[in-house]
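# Close look at the chain arrangement
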Amino acid sequence: MTEATYSDRRNATSPEQHIMLESGRISVSMDGKLQRAIAFDEINEVRLGVEMAGRDSQVVCRITANDRTRIVFGSRSWKSVGLWENQADRFREFNTALHRALLPHAAGIRFMEGQPLWFGFVMCGLGLLMALLGGGFALYLLWDDNLIGFGGVPGLIIGLYLAWMFRPRAPKPYDPALYAGTG
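Report on the accompanying structure. Counting restarts for each chain, with residues numbered from 1 along the sequence as it is written. Totals for whole chains, interfaces and linings use every residue, but because this is a predicted model, local features are given only for residues with pLDDT of at least 70 and side-chain atom pairs only at 80 or more, for both listing and counting. Hydrogens and water are ignored here; the side-chain numbers use all heavy atoms of the structure.

On to the overall build of the protein chain, then. From N to C terminus, the protein chain includes 4 helices and 11 strands. A compact globule built from 183 residues would reach a C-alpha radius of gyration of about 16 Å, whereas the protein chain, at 21 Å, exceeds it by more than 25%. Counting only C-alpha atoms and orienting by the principal axes, one finds that the protein chain spans roughly 70 × 35 × 30 Å. Buried means the residue's accessible area, taken with a 1.4 Å probe over protein chains only, is under 20% of the maximum for its type, while exposed means over 50%, and partly exposed covers the values in between. Residues counted as buried form 36% of the 183 residues belonging to the protein chain. Taking all contacts inside the protein chain whose residues are at least 6 apart in sequence as the whole, residues at least 24 apart take part in 50%. In this description, accessible areas are obtained by the Shrake-Rupley approach with a 1.4 Å probe, and a residue is regarded as covered only by the protein chains that are shown. Total accessible area computed for the protein chain in this model is approximately 11,000 Å², and 60% of it derives from carbon and sulfur atoms. Secondary structure elements follow DSSP: runs of H or I no shorter than four residues count as helices, runs of E no shorter than two count as strands, and numbering proceeds from the N terminus. The globule rule used here is 2.2 Å times the number of residues to the 0.38 power, and the radius of gyration it is set against is calculated over C-alpha atoms. In this description, contact between two residues means that some pair of their heavy atoms is separated by no more than 4.5 Å.

Set out below in structure tokens:
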């Protein structure tokens, strides 16, 4: 297997990390020092999900080992306040190499798409809270014939939209061969 590398900066408070696929493991180094390494046969989950990166969204890969060690990298890298570099082409190449390397170990790994279930509950709850506040504001003021109450309607609509978009869903497994380019 040829070594594949990828660089990513997760946010303003973290240094740039260099992720490397080596023979039998994936490792992360920062400032030239090894931070984490996970052997391929110790990986128990690979999760691909869409997250926000400034005003845009990005694909994020989360690799979890049996001992809860995590390696996380995304398709956009933080550059400065409000500025994220799109690295989708390099991310796709690295993600393909990762899935090819993991195919021999695929029987012991859960390959999942989407956010964890707890994230759906939190975001759905925040959406419902926003809808409740907006609707309550509108109802309270409109009950007294105060037209300013219509200002709560957008909060109600946006809150319901968020609750619907982030409603908790069962985890969705995917076939790693599709991302390895062999499926």
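Let's shift gears to the packing of aromatic side chains. We describe a pair of aromatic rings using the distance from one ring centre to the other and the angle between the two ring planes. Side-chain rings of Phe, Tyr and Trp, where Trp is taken by its six-membered ring, are said to pair if the distance between their centres is within 6.5 Å; with planes under 30 degrees apart they count as stacked, over 60 as edge-to-face, and otherwise as tilted. Counted under the stated rule, the structure contains 9 aromatic pairs. With centroids separated by 5.7 Å and ring planes inclined at 25 degrees, the aromatic side chains of Y6 and F94 adopt a geometry described as stacked. With Y6 in strand β1 (residues 4–8) and F94 in helix α1 (residues 88–102), this residue pair connects regions lying 88 residues apart in the sequence. F94 carries the same exposure label as Y6, and that label is buried. An angle of 85 degrees between the planes, with centres 6.0 Å apart, marks the rings of W118 and F119 as edge-to-face. Put simply, a charge is over a ring when the Lys NZ or the Arg CZ is close to the ring centre, within 6 Å, and near the line of the ring normal, within 35 degrees. Here R167 stacks its cationic end above the ring of W164, 3.9 Å away from the centre of that ring.

Within this document, salt bridges are pairs made up of a side-chain nitrogen of Lys or Arg and a carboxyl oxygen of Asp or Glu, the two lying within 4 Å of each other. The final tally for this structure, using the stated rule, is 7 salt bridges. Between E113 and K172 there is a salt bridge, with its nearest N and O atoms 3.8 Å apart. With E113 in strand β10 (residues 110–113) and K172 in strand β11 (residues 172–173), this pair connects stretches of sequence that are 59 residues apart. The exposure class assigned to K172 is exposed, which follows from its relative accessible area of 51%. Several salt bridges share partner residues, and in doing so they unite E45, R47 and R110 into one network.

What follows is about the side chain of E22. Here E22 is to be found in strand β2 (residues 17–22). A polar side-chain atom of E22 sits 2.4 Å from a polar atom in the side chain of R25. One polar contact links E22 to S27, side chain to side chain, over a distance of 3.1 Å. Here a polar contact means two N or O atoms within 3.5 Å. Within protein one must be a hydrogen donor candidate and the other an acceptor candidate, and residues neighboring in sequence count only if both atoms are side-chain atoms.

This part takes up α1. One less than the number of residues in a helix, times 1.5 Å, gives the span that helix is expected to have. Its 15 residues give α1 an end-to-end C-alpha distance of 21 Å, which sits within 8% of 21 Å, the value for a rise of 1.5 Å per residue. For α1, the full list of buried residues reads F91, F94, N95, T96, L98, H99, A101 and L102.

This part takes up the environment of L48. Looking at the secondary structure, you find L48 in strand β5 (residues 43–53). Taking relative accessible area as the criterion, L48 reaches 7% and is therefore assigned buried. Taking C-alpha positions, L48 is 18 Å from V28, a pair spaced 20 residues apart along the chain. Those residues in contact with L48, other than ones at most four positions away along the chain, are V60, C61, N95, H99, M112, E113, G114, Y174 and Y179.

Reading across the sheet, the 4 strands line up as β1-β2-β3-β4 and stay open at both edges, with antiparallel pairing between neighbours. Two strands bound the open sheet, and with one partner strand each, they are β1 and β4 (33–39). Between one strand and the next, the sheet's axes are offset by a mean angle of 20 degrees, whatever the strand orientation. Note on pairing: DSSP must find at least two bridges between two strands before they are called paired. As paired elements, β2 and strand β3 (residues 25–30) share 6 bridges and run antiparallel to each other. Along β3, the bridge assignment pairs M20 with S27. Axis definition: a line fitted to C-alpha atoms, limited for helices to the stretch in contact. Angles are taken between N-to-C directions and run from 0 to 180 degrees.

For the rest of this paragraph, the subject is unusual backbone geometry. One non-glycine residue, R68, lies in positive phi territory at about 75 degrees. The exposed category is assigned to R68, whose relative accessible area is 68%. The phi torsion at D145 lies on the positive side, around 60 degrees, for a residue other than glycine.

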